[in-house]
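# Coordinate inspection notes
Now for the letters of each chain:
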Amino acid sequence: MSTKPTSVLNTFLAVARQVEATLDSNALKEGWKDPSALEGYTVAGLAGHLARGLLTVENYIGAFTDDTTHATDAAGYIVTVLGTHDPIDSDFHRTVRARSLEAASNGPTSLAREYKEVRQRLSERLPHIPADETIQVLQGVVVTVEEYLRTRLVELVIHLDDLSVSVGQDFTKDLPQEAYKEVAAVLAQVAVLRNGGLNVIRGLARRERHIDPVRAL
């Protein structure tokens, strides 16, 4: 197993730094109590949810397992964890929103400080963990460290955009293009798992044959 930093790790850490700057921004603090652009979330709750995209990494990154037989990839993780839960009314998503609000309960300054401390620890620790090491994460799903970081990229990039729209400031302008490529690739794979490969191809290239939008999430 090699511990040489991969492009996924470097991209994850770059996006994590941008999220840190966002959580410490005046725009976020000023809009903290407002409704967000994501249904069911206040700006505070959305900030907590965004932060948890990194905070939870520290919880799982040491949960190593020798079970490689059942390992899945980033898309498989997302499909398994999200399942068919309604994004608004399901118990699953109500629990997610509650945890997000709890993460933000001490205010923006406290959340930004906690996030910064965890990001710094992960920046030191992750480069020394082999990318192909397998870990057991949410709901017992087994993935490699690299595939798990790809799921975190999806969370960070999507919800950073949600926050940008929510407070009217472009927090995504300094993100590396590699981040968008990684997230788009994962979402395309999720869409294939949920809709079938041909439907995705037609949705992207032959809309006259598949009029309904093809979605990943």
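This text follows the structure it describes.
Residues numbered from 1 in each chain as written. Predicted model: local features only at pLDDT ≥ 70, side-chain atom pairs only at ≥ 80, totals over all residues. Heavy atoms only, no water.

## Digging into the packing of helix α4 (residues 74-82) against helix α8 (residues 177-195)
It is at 8 Å that the axes of α4 and α8 come closest, and there the two elements cross at 55 degrees. On the basis of their axis angle, the class for α4 and α8 is oblique. When the axes of α4 and α8 are compared, the crossing they make is right-handed. Across the interface between the two elements, Ala-74, Ala-75, Gly-76, Ile-78, Val-79 and Leu-82 from α4 touch Val-186, Gln-189, Val-190, Leu-193 and Arg-194 from α8. Here the residues of the contact of α4 with α8 sort into eight nonpolar, two polar and one charged. (Axes fitted to C-alpha atoms, helices over the stretch in contact; angles between N-to-C directions. Helix = DSSP H or I, 4+ residues; strand = E, 2+ residues; numbered from the N terminus. Parallel < 35°, antiparallel > 145°, perpendicular 65-115°, else oblique. Left-handed = near helix turned anticlockwise from the far one by under 90°. Contact = heavy atoms within 4.5 Å. Nonpolar A, V, L, I, M, F, W, Y, C, P; charged D, E, K, R; others polar.)

## As for the side chain of His-49
You can see His-49 is positioned in helix α3 (residues 43-60). By relative accessible area, which is 13% here, His-49 ends up buried. A distance of 3.5 Å separates the side chain of His-49 from the side chain of Glu-155, its partner in a polar contact. If sequence neighbours within four positions are ignored, His-49 has contacts with Tyr-41, Val-96, Ser-100, Glu-155 and His-159. (Buried < 20%, exposed > 50% of the residue type's maximum accessible area, 1.4 Å probe, protein only. Polar contact = N/O pair within 3.5 Å; in protein donor to acceptor, adjacent residues only side chain to side chain.)

## Considerations on the packing of α8 against helix α9 (residues 197-205)
Close contact between α8 and α9 brings their axes to 7 Å; oriented N to C, the two are set at 125 degrees. Viewed along their axes, α8 and α9 adopt a mutual orientation that is oblique. Taking contact as the criterion, the partners of Ala-191, Val-192 and Asn-195 in α8 are, on α9, Gly-197, Asn-199 and Val-200. Considered class by class, the residues forming the contact of α8 with α9 number three nonpolar, three polar and no charged.

## Topic: the side chain of Thr-65
Tracing the backbone shows Thr-65 in the loop between α3 and α4. Within the local environment of Thr-65, its side chain forms a polar contact with the backbone nitrogen of Asp-67, the two atoms lying 3.1 Å apart. The contact partners of Thr-65, leaving out residues within four places of it in the chain, are Thr-134, Ile-135, Gln-136 and Val-142.

## A few points about helix α1 (residues 7-23)
With 17 residues, α1 extends 24 Å between its outermost C-alpha atoms, agreeing within 8% with the 24 Å of an ideal straight helix rising 1.5 Å per residue. Of all the 17 residues making up α1, twelve are buried; the element is thus mostly covered by neighbouring parts of the structure. By the burial criterion, the buried members of α1 are Val-8, Leu-9, Thr-11, Phe-12, Leu-13, Val-15, Ala-16, Gln-18, Val-19, Glu-20, Thr-22 and Leu-23. Looking at the buried side of α1, the elements it contacts are α2 (26-30), α3, α6 (108-125), α7 (145-167) and α8. (Expected span 1.5 Å × (residues − 1).)

## Some points on unusual backbone geometry
One non-glycine residue, Gln-139, adopts positive backbone phi at about 60 degrees. With respect to the element layout, Gln-139 can be found in the loop between β1 (134-136) and β2 (142-144).

That's the geometry; what it means functionally is another story.
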